[in-house]
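# Observations on the three-dimensional arrangement
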Amino acid sequence: MAPRSQGTSKRSDSAGDAPDTVRNACARSAAPPASGPLPATTGWLLRGKDGRLTAYAPVADGVLRWTERRPGGPDWTGPETLAAPGLLPYLSVARSTEGYVHLVGVRKRPRADGPAETDLVHAVQFQTGRPLRDWASLGNPHGKDRDKGERIGMPSAVLDRTGSVHLFVRNANGGLSAKNQSTTGRWQPWGGATPEETLTGEAAAATTDGGVVDLLVPADGAVVRWLREKPDARLERADEEPGAVDIAPGTLTAERTGPGRLTRFWRAEADGKVRAWRPGTPPTGLGGPGSGPVALLRTPVDGHDCTILAHRGPDGRPYIAAYPTEDEAAGLHWTPSGTPCTGAPALALDGAGRVVLAAFDEDGGLRVARQKEEPGLALAAWRTV
């Protein structure tokens, strides 16, 4: 279905129909290579080198993209369709220090003689609003075995200090498959690791401020953690892991919260509430029942180092909360904002340094709320793009 025609954010909240593809993707209604619904995607709102924000919506057979007309808004262009026939509506999105945006997804192409041909694909946007480089196939860790290839998980991609992509995906054997670029940009052969445990969830990679790749993957009765200390190093099993915690599928996210430190967040499957964890500490409950992954942003608020969280709450509305970074004991209060959304919301700082909360409404339209020019974290009224 064709996307909504280009326009600005001056339309009312009761604007006309949005593409069904956006609504379906954000509602996680498509089927992944393995059985079960696709996880929601967060991290889809990014600021470019020129200060403009870009929003990416993974849809069947491509990506929709909205771009701010100028840093700080309020007007946007889009959505533009970035076609990718066969692409599933899920993306792993990573941005380099130069502002290059890397998109990694799974592509499925039906075959008359058996299982679909499934491969990982990668594209790069070098400048805000400019065309993507062509989608390039990264193959499949199972090679020509289409039956196994169809059962891989969803990818998680991060960038190291050299700007090279590191890609991780759960394979059909219950192990981890990995692929990365060299410093010249050339993709290396598939590798990975095979733990004693059988991996059951999606890989969730992040990098510390020192460039260490830190990877968590849910498994039977455990959460497995690997580290890659240097860009060309092997994956090594970490000494410290969260333990036997229950993690709702597709909800692992991370934020840099200190020198060489990441704080991991997930939603417990038992009660749907948010947990936070760092090595050396037990998981901490942060309340906030809801669904999907938690969007994260570390930024000063009134001069205090804070971690801001946003997610889809139990009534379907975006909820936002904040607390002093790494001080989970201080507690936090989840505040609803706006009308019900689909998928997972996203957070970013705009070109003026304001916090921006973005979400897709139930009609598939992009909506944004910006931090007010006043003390605290109050948000101005939502605007429909």
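Throughout, a residue's number is its position along its own chain's written sequence, starting from 1. It should be noted that, the model being predicted, local features are given only for residues of pLDDT at least 70 and side-chain atom pairs only at 80 or more, the latter also being counted only at that level, while totals for whole chains, interfaces and linings use all residues. Side-chain descriptors were evaluated using all non-hydrogen atoms of the structure, hydrogens and water having been removed beforehand.

### A closer look at the sheet that holds strand 3 (residues 62-68)
Strand pairing is assigned whenever DSSP detects at least two bridges linking the two strands. A run of H or I in DSSP counts as a helix once it spans at least four residues, and a run of E counts as a strand once it spans at least two, with each numbered from the N terminus. The antiparallel open sheet is built from four strands, whose spatial order is 1-2-3-4. Taken across any chain shown, the strands that pair with only one partner, and hence form the sheet edges, are strand 1 (45-47) and strand 4 (76-83). Between one strand axis and the next, the sheet turns by 25 degrees as a mean value, whatever way the strands run. As judged from the six bridges shared by strand 3 and strand 4, these two strands associate in the antiparallel manner. Across the sheet, residue Leu-64 finds its bridge partner in strand 4, namely Thr-81. Helix axes use the C-alpha atoms of the stretch in contact, all axes being lines fitted to C-alpha atoms, and the angles between their N-to-C directions lie in the range 0 to 180 degrees.

### Here's the deal with the sheet that holds strand 28 (residues 383-384)
What holds strands together in a sheet is hydrogen bonding between their backbones, with the strands either parallel or antiparallel. As summarised here, the arrangement of the four strands in space is 25-26-27-28, forming an open sheet in which the pairing is antiparallel. Only two strands of the sheet have a single neighbouring strand rather than two, namely strand 25 (341-349) and strand 28. With five bridges joining them, strand 26 (residues 355-361) and strand 27 (residues 366-370) adopt antiparallel strand pairing. Bridging from a neighbouring strand, Ala-358 pairs with Val-368 of strand 27.

### Let's talk about the nonpolar core
The nonpolar core is taken to be a set of buried Ala, Val, Leu, Ile, Met, Phe, Trp, Tyr and Cys residues, with the residues joined through side-chain atoms within 4.5 Å. When a residue's accessible area, from a 1.4 Å probe over protein chains only, is under 20% of the maximum for its type it is buried; when over 50% it is exposed; and in between it is partly exposed. Residues Trp-44, Leu-45, Ala-55, Trp-66, Trp-76 and Leu-366 are the most contacted members of the largest nonpolar core, which totals 17 residues. Mapped by element, the contributors of at least two residues to this core are strand 2 (53-59), strand 3, strand 25, strand 26 and strand 27.

### Describing the side chain of Thr-42
Summarising the element assignment, Thr-42 is placed in the loop between helix 1 (20-26) and strand 1. Side-chain atoms alone can form a polar contact between residues adjacent in sequence; in general such a contact is a pair of N or O atoms within 3.5 Å, and within protein one must be able to donate a hydrogen while the other accepts it. Polar contacts involving the side chain of Thr-42 include one to the main-chain carbonyl oxygen of Pro-345, which spans 2.8 Å. Leaving out residues up to four positions away in the same chain, Thr-42 has contacts with Thr-253, Pro-293, Val-294, Ala-295, Ala-344, Pro-345 and Ala-346. We call two residues in contact whenever any of their non-hydrogen atoms come within 4.5 Å of each other.

### Thoughts on the pattern of salt bridges
A pair is scored as a salt bridge if a Lys or Arg side-chain nitrogen falls within 4 Å of a carboxyl oxygen belonging to Asp or Glu. Following the criterion strictly, the structure yields 24 salt bridges and no others. For Arg-237, the salt bridge goes to Glu-197, with nearest N and O atoms at 2.9 Å. Of the two residues, Arg-237 is situated in strand 16 (residues 236-237) and Glu-197 in the loop between strand 12 (191-193) and strand 13 (204-207); the sequence distance between them amounts to 40 residues. When its relative accessible area of 36% is taken as the criterion, Arg-237 is described as partly exposed. Salt bridges sharing common partners tie together Arg-107, Arg-109, Arg-111, Asp-113, Glu-117, Asp-119 and Arg-146.

### Side note on the pairing of strand 23 (residues 318-324)
With five of seven residues buried, strand 23 is to be regarded as a mostly interior element. Of the pairings in the sheet, the one linking strand 22 (residues 304-312) to strand 23 comprises seven bridges and is antiparallel in character. Bridge pairing in strand 23 links Thr-307 to Tyr-323. Here strand 22 folds back onto strand 23, and the loop between the two strands holds five residues, one of which, Gly-316, carries a positive phi near 85 degrees. Both strand 23 and strand 24 (residues 335-336) contribute to a ladder of two bridges, which runs antiparallel. Its bridge partner being in strand 24, Tyr-319 is matched across the sheet by Pro-336.

### Topic: the pairing of strand 26
The element strand 26 is extensively covered by neighbouring structure, given that seven of its seven residues are classed as buried. Every second residue of strand 26 is oriented toward a common face, with Val-355, Leu-357, Ala-359 and Asp-361 on one face and Val-356, Ala-358 and Phe-360 on the other, all of them buried. Bridge analysis of strand 25 against strand 26 gives six bridges, and the strand direction is antiparallel. Residue Ala-346 lies in a different strand from strand 26, and its bridge partner there is Ala-358. Following strand 25, the chain reverses through five residues before pairing antiparallel with strand 26; Gly-353 in that reversal takes a positive phi of roughly 80 degrees.

### A short note on the confidence of the model for the protein
Predicted coordinates in areas of low pLDDT are best not read in detail. The predictor rates its confidence in each residue with pLDDT, a number between 0 and 100. Scored by pLDDT, the protein comes out at a mean of 90, with 91% of its residues at no less than 70. Counting interchain partners and residues more than four positions distant, the pLDDT-below-50 stretch residues 1-35 has 99 contacts.

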